[in-house]
Each structure stands twice: as C-alpha cells, then as structure tokens.
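Single-letter residue listing:
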Amino acid sequence: MNGDEQLLRGRVYGHDHDDPDPGPRPGRTYAQLIGGPLDGLLLDVTGWTPDELGTGAALPTELGRFPGGRALYDPAPEAPRAPGPGVTCRFHYRGDAP
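Everything in this summary refers to the structure shown in the same document. Predicted model, so just to flag it, every value in this text is computed and none were measured.

**Quick look at the pattern of salt bridges**
- Scanning all chains against the criterion turns up two salt bridges.
- Residues Asp44 and Arg28 are paired through a salt bridge, measuring 2.9 Å at the closest nitrogen-oxygen approach. In this pair, Asp44 sits in strand E2 (residues 42-44) while Arg28 sits in the loop between helix H1 (3-8) and strand E1 (29-34), placing the two residues 16 residues apart along the sequence.
- Using a relative accessible area of 25% as the deciding quantity, one classes Asp44 as partly exposed.
- Notably, a salt bridge pairs Arg94 with Asp74, separated by 2.6 Å at the nearest N-O pair. Highlighted residues: Arg94 in strand E5 (residues 86-97) and Asp74 in strand E4 (residues 69-75), separated in sequence by 20 residues.
- Accessibility expressed as a relative area gives 53% for Arg94, which makes it exposed.

Quick notes on the rules
- Chains are numbered independently. Their residues run from 1 in the order of the written sequence.
- The predicted origin of the model limits local features to residues at a pLDDT of at least 70 and limits the giving and counting of side-chain atom pairs to 80 or more, whereas totals for whole chains, interfaces and linings rest on all residues.
- Working from all heavy atoms in the structure, the side-chain values ignore hydrogens and water.
- Each salt bridge in this description consists of a side-chain nitrogen of Lys or Arg and a carboxyl oxygen of Asp or Glu lying within 4 Å of one another.
- The way it works is that DSSP assigns letters per residue, a run of H or I at least four long becomes a helix, a run of E at least two long becomes a strand, and they are numbered from the N terminus.
- For every residue, the accessible area obtained with a 1.4 Å probe (protein chains only) is divided by the maximum for its type, and the residue is called buried under 20%, exposed over 50%, and partly exposed between those limits.

Below you can see the structure in the form of structure tokens.
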C-alpha cells in the first residue's frame, strides 16, 4: 500500500483532505468502497432508501481514469446489508465514467 492509499483508508468520501477528523461520525451509516480509485473510503449512506442502496453510486473524483469524471460503485447483490449505524454494506468498483 502506497502513501496515497494509506491516507484514504478509513476516511469518509467527501470530507476535506485537511479535515482534522476525516473518519466516520457516530450515528451515521456507511458503505465501504472496495477497489478502484476510492478503495478504502467510506461513503455516508445515512438516510438512503433500500432502492438507493441497491443502485450504488457514481462518485465524482479526480483519481479515476477520467479526471473530473466519476468512479462507479455497485453493491454486491448477494451481500447482506446490516441495519443501523456503522459500516453496513460494501460497494464494489465497476469502472469509471467521464
């Protein structure tokens, strides 16, 4: 794991890189991002409906194949989703979009 990857692990997607506390917040619900340019980040999915969780996410990033594009993440269809706060599911990298 290189230095950039270490900086991303355990951080919440969308928090500023210089945030003194970039990690998860109590009472929030997260999906762990697996693979791709955002591997290891947590995505805050608090309040997402089951349909929204089933769709996954297209996340803007400068780190993917298309700078300024989106990294696409989908839930694994067979993966269970735990209720409540904390890391409740995983979204797996599918590819990049411009």
